[in-house]
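Fold and geometry: a report
These are the residues of each chain, in order.
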Amino acid sequence: MALNKQGKECALALSWQQCGAGLMVVVTLAILFSWPCGSVRLFAEEFQQLEPLKVSDNGRFLVTVSGKPFFWLGDTCWHMFGKSVHEGQDNQPSVELYFANRAKKGFTVIQSVLVREPVGGSYRNAYGFEPFIDTDWSRPLIKPGENDDYWDHVDWCVQAAKRHGLRLAILPMWLQSIPPGHPMETNPEVAYRYGYFLGKRYRREPHIIWVLGGDAYEKGRNVDNPSRLALVRAVAEGIADGIIGNDQFDGNANWDVALMTFHPPGGNRSPGQWLHNEPWLDFNMIQTTTRFRFQNWKTVTADYQRQPPKPTLDAEVTYEDSLSLDRQEPQDRRIRQWDVRRAAYWSVFAGGFGFTYGHRSFIGWIRKGETYRYGAYIPWYESLDAPGAFQVVHLRRLIESRPFLTRIPDQSLLTDDLGDGDDHLQATRDELGRYAMVYSPMGGTVTVKTHSLAGPARRAWWFDPRTGQATPIQGDFSGNELHFTPPTQGEGQDWVLVIDAAAENFPPPGSTSN
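Residues numbered from 1 in each chain as written. Predicted model: local features only at pLDDT ≥ 70, side-chain atom pairs only at ≥ 80, totals over all residues. Heavy atoms only, no water.

1. What to know about unusual backbone geometry
What counts here: By the criteria applied, helices consist of DSSP H or I runs no shorter than four residues and strands consist of E runs no shorter than two, each listed in order from the N terminus.
Residue P308 is reached from Q307 by a cis peptide bond, and omega for that bond is -5 degrees. Inspection of the secondary structure assignment puts P308 in the loop between α8 (296-304) and β15 (312-316). In the segment running from G455 into P456, the intervening peptide bond is cis, with an omega of 5 degrees. Assignment of secondary structure puts P456 in the loop between β20 (446-449) and β21 (458-463). Phi angles above zero are rare outside glycine, and Y374 is one such case at about 60 degrees. In this structure, Y374 sits in the loop between α10 (360-363) and α11 (387-400). Phi at N505 takes a positive value of approximately 55 degrees, unusual for a residue other than glycine.

Shown next as structure tokens:
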């Protein structure tokens, strides 16, 4: 594949082989980048090879094809493909700034929609290009040359994310925006053709995860409607067939060639409610919805109990600096970093394999002078360093500092989880008992039963979700029931108790040395 976009000159040869576990990639690079992005010059060493992902053998996590554990730390920018630019303009800088910022912080996945009509807008992107010929989704509008059609900018973003070591969770469409009676609904062949186009065009991109659906909350627009289910299945089949070049819409596909999930309507919903046994659904993606009061650990727990086991995570909840979407809640205050942290730790400790962060400025990709729903008014580039974006990375470091693939949720560790309110305690541990973690959102006392923990010699730590710092706790932890009181209490004073088997000699929680 040869690339020559926006002043970049490179030769990039990729060869792919099919295997039972998915796609293996062998990459040979001869790259010389000269890419005008402000004062940034990109060199060959900045190109990061990313292995494809697959579901772990126990069905609970994602790993690379070589078996390396993968923690999904996502960020949400639904309108990025349509509203961003790859060189600075008066109302926004290059999207390169966004990718660089997220990669530097430690995010691993970016969630966005390829084609979505903004409220009051059109399908045209920031360059004025339409994605389709006469709005026909089976006929993408492609022109020869550089930066002269909608898909050229999509290509640029796909490559930019890969250069920064970021995976893309891409929604082909926002299902909610597809009206009843749309040609893709009445004739799934149209949906298949669109999916096939995407699979074929991006078949050599191991960092793409395909996300079907898109918040289809209105009656008749979700997959509980048979015609919408047929639409979604057709897109999934088209993507898989396009990747291997098998242009045959027959209801069958090699689902091993792509990683896929589904973005459901909000309100504590998971695709597992309708699609858990679909062969193309590799993992469940929950939407809790942005609000102050939520219990997302319950939705994760319900997914964790489904059979066969599939990974799950909360991918849309508590957008930082957003107004609540629940009109019964106060509309004069915004989602805080504490709300973000509660959503993250509750869901991961309940069995999630990762978590997706969001900030209200990125949801509609706010440019200078724009406003959007639910309190969005700050340009995206001024929100890159919001406190929550730093803090959620501490969760990733914490989980990665202990054995990864043997972690399980276990509320039986607790004598009392303090109920379903804001102070709810959530526990997770190693299935071999080598460590345990308990999240206390308001600094409530934690009493741990040690029957499932290795010992008797143990170490204990307080891990601060605000700073990522770990502090040793002094004492004898060899008993059958251990009592702990966090350093501080109240709203915003959340802590993680970490108990380790002393024999394992683990590094401090959150340490990158593990």
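2. Things to note about the nonpolar core
Counted only if it meets this: In plain words, nonpolar cores are sets of buried Ala, Val, Leu, Ile, Met, Phe, Trp, Tyr and Cys residues tied together by side-chain atoms within 4.5 Å. Only protein chains enter the accessibility calculation, which uses a 1.4 Å probe; a residue is then buried when its area is under 20% of its type maximum, exposed when over 50%, and partly exposed in between. The contact criterion used throughout is that any non-hydrogen atoms of two residues lie within 4.5 Å.
Residues F99 and W151 are the most contacted members of the largest nonpolar core, which totals 61 residues. Within the residue set of this core, elements represented by two or more residues are α1 (80-83), α2 (96-105), α3 (150-163), β11 (167-171), α5 (188-201), β12 (208-213), α6 (226-244) and β13 (260-263). The element contributing the most residues to this core is α6, with nine residues. Contacts of F99, omitting those with residues within four sequence positions, involve M80, I110, C157, A160, A161, H164, L166 and L168. The next biggest cluster of nonpolar side chains, apart from the first, holds 58 residues, and it includes A315, F353, V392 and V496.

3. Some points on the pattern of salt bridges
A pair can form between side chains of opposite charge whenever their charged atoms are brought close. Here is the rule we go by: Whenever Lys or Arg places a side-chain nitrogen within 4 Å of a carboxyl oxygen from Asp or Glu, that contact is recorded as a salt bridge.
Counted under the stated rule, the structure contains 30 salt bridges. R201 is the salt-bridge partner of D155, the closest N and O atoms lying 2.7 Å from each other. Of this pair, D155 sits in helix α3 while R201 sits in helix α5, and the two are 46 residues apart along the sequence. On the basis of relative accessible area, R201 is assigned to the partly exposed category, the value being 27%.

4. Re the side chain of D303
Under the convention used in this document: N or O atoms closer than or at 3.5 Å make up a polar contact, with two conditions inside protein: a donor-capable atom paired with an acceptor-capable one, and, for residues adjacent in sequence, both atoms drawn from side chains.
Of note, D303 is situated in helix α8. Among the polar contacts made by the side chain of D303, one reaches the side chain of R306 at a distance of 2.7 Å.

5. Digging into the pairing of strand β16 (residues 354-357)
Side-chain direction in a regular strand flips from residue to residue, so the side chains alternate between the two faces of the sheet. Worth spelling out the cut-off: Strands pair, by our definition, only if DSSP identifies at least two bridges between them.
Taking every second residue as pointing to the same face, both faces of β16 are buried, with G354 and T356 on one and F355 and Y357 on the other. Across four bridges, strand β7 (residues 72-76) lies against β16 in parallel orientation. Counted as the bridge partner of G74 is T356 from β16.

6. Describing the side chain of R407
Applied cut-off: Positive charge is attributed to Lys and Arg, negative charge to Asp and Glu, and no charge count is given to His or to the chain ends.
Inspection of the secondary structure puts R407 in strand β17 (residues 407-409). One buried charged residue, R407, remains without a salt bridge, the closest side chain of opposite sign being D430 at 9.0 Å. Here R407 is in contact with F61, Y304, V348, F349, G352, I399, T428, R429, D430 and Y435, once residues within four sequence places are set aside.

7. Quick notes on the sheet that holds strand β4 (residues 53-55)
As summarised here, the arrangement of the three strands in space is β4-β5-β6, forming an open sheet in which the pairing is antiparallel. Taken across any chain shown, the strands that pair with only one partner, and hence form the sheet edges, are β4 and β6 (69-70). Judged from the three bridges that link them, β4 and strand β5 (residues 62-64) form a sheet pairing that is antiparallel. Bridge assignment links L53 to a residue of β5, and that residue is T64.

8. Brief notes about the confidence of the model for the protein
Segments scoring low in pLDDT should not have their predicted coordinates read at a detailed level. Basically, it comes down to this: By definition, pLDDT measures how confident the predictor is in each residue, and it falls between 0 and 100.
When pLDDT is averaged along the protein, the result is 90, and 89% of the positions lie at 70 or above. Here residues 1-47 scores under 50 on pLDDT; set against residues more than four positions off or in separate chains, the count is 96 contacts.

9. With respect to the packing of helix α9 (residues 337-349) against α11
The relative placement of two packed helices comes down to the angle between their axes together with the axis-to-axis distance. Applicable threshold: In this description, a line fitted to the C-alpha atoms serves as the axis of each element, helices being fitted only across the stretch in contact, and the angle between N-to-C directions of two axes falls anywhere from 0 to 180 degrees. Convention used here: angles under 35 degrees read as roughly parallel, angles over 145 as roughly antiparallel, angles from 65 to 115 as roughly perpendicular, and any remaining angle as oblique. By convention the crossing between two helices is left-handed if the near helix lies anticlockwise of the far one by an angle smaller than a right angle, and right-handed if it lies clockwise.
The interhelical angle for the contact between α9 and α11, taken along N-to-C directions, is 20 degrees, at an axis separation of 9 Å. The angle between α9 and α11 places the two elements in the roughly parallel class. Seen from above, α9 lies across α11 with right-handed handedness. In this structure, α9 uses Q337, V340, R341, A344, Y345, V348 and F349 to contact α11, whose residues at the interface are P387, G388, Q391, V392, H394, L395, L398 and I399.

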